[in-house]
Amino acid sequence: MLNFLESKLYSDVEGTCSGKFGYIIAVVSILDIGKGMVISGTGQAEFITRYRAIVFKPFKGEVVDGVVASVTKMGFFADVGPLSVFVSHQLIPPDMKFEPNSNPPSFASDQQIIEKNTKIRLKIVGTRVDATEIFAIGTVNEEHLGVVD
């Protein structure tokens, strides 16, 4: 029974997002599995479980590394682990221009090119937390941010 409860906890919790705690990356240890309570009318049982987990909850001002997922004239999306961060063209250095005719589309300057699959360092300037998802906006328009070699 305990093995089933542990595997159920891992499958139900890992990889999910909670607005209060952020993304639950992995369950590290199970501290306590309480006594089960039978739910009347269904025959199912409910167990209150305490556990420790590795979580990722981004915050404003945090500098993170990610990989560019897509580029449009409005900006680009970067994947930072499970989080998708949008960087608007207004938060990209002014010397970087959108090049729609390049393949793949990119923002380019004399020193660097931002295109799909580019490793990038960005700063989170804002987040919005829903019940099951976190949205973030980032910038690369500061020193030491941008393409990572």
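Reading the values: the criteria
- Residues numbered from 1 in each chain as written.
- Predicted model: local features only at pLDDT ≥ 70, side-chain atom pairs only at ≥ 80, totals over all residues.
- Heavy atoms only, no water.
- UniProt positions renumbered as here; feature names shortened; annotations may be inferred.
- Helix = DSSP H or I, 4+ residues; strand = E, 2+ residues; numbered from the N terminus.
- Rg over C-alpha atoms; globule rule 2.2 N^0.38 Å.
- Buried < 20%, exposed > 50% of the residue type's maximum accessible area, 1.4 Å probe, protein only.
- Contact = heavy atoms within 4.5 Å.
- Areas by Shrake-Rupley, 256 points an atom, 1.4 Å probe, with all protein chains shown as cover.
- Lys, Arg positive; Asp, Glu negative; His and termini not counted.
- Charge placed at Lys NZ, Arg CZ, Asp CG, Glu CD.
- Pairing = 2+ DSSP bridges.

An unreviewed UniProt entry lists the chain under the name DNA-directed RNA polymerase II subunit RPB7, with Lentinula lateritia given as the organism. According to the UniProt record, the Subcellular location (unreviewed entry) comment for the chain is "Nucleus". UniProt lists a comment for the chain under the heading Sequence similarities (unreviewed entry), and it reads "Belongs to the eukaryotic RPB7/RPC8 RNA polymerase subunit family."

## What to know about the overall build of the chain
A count of helical and extended segments in the chain gives one helix and 14 strands. A compact globule built from 149 residues should have a C-alpha radius of gyration of about 15 Å, whereas the chain, at 21 Å, is more than 25% larger. Principal-axis analysis of the C-alpha atoms places the extent of the chain at approximately 65 × 25 × 25 Å. Across the 149 residues that make up the chain, the buried fraction comes to 30%. Here the analysis covers contacts within the chain between residues at least 6 apart in sequence; of these, 52% occur between residues at least 24 apart. For the chain, the accessible area works out to roughly 9600 Å², and carbon and sulfur atoms hold 53% of it. With 14 positive and 17 negative side-chain charges, the chain shows a spacing of 7 Å between the two charge centroids.

## Considering the UniProt feature "domain: S1 motif" (unreviewed entry) in the chain
Feature annotation in UniProt assigns "domain: S1 motif" (unreviewed entry) to the following positions: residues 57–134. Taken end to end, residues 57–134 has its terminal C-alpha atoms 8 Å apart, with 0% of it in helix and 54% in strand.

## Comments concerning the sheet that holds strand 10 (residues 106–108)
Taking strand neighbours across the sheet as the criterion, the three strands line up as 9-10-11 in an open arrangement whose pairing is antiparallel. Every interior strand has two partners, whereas the edge strands, strand 9 (97–99) and strand 11 (113–114), have only one.

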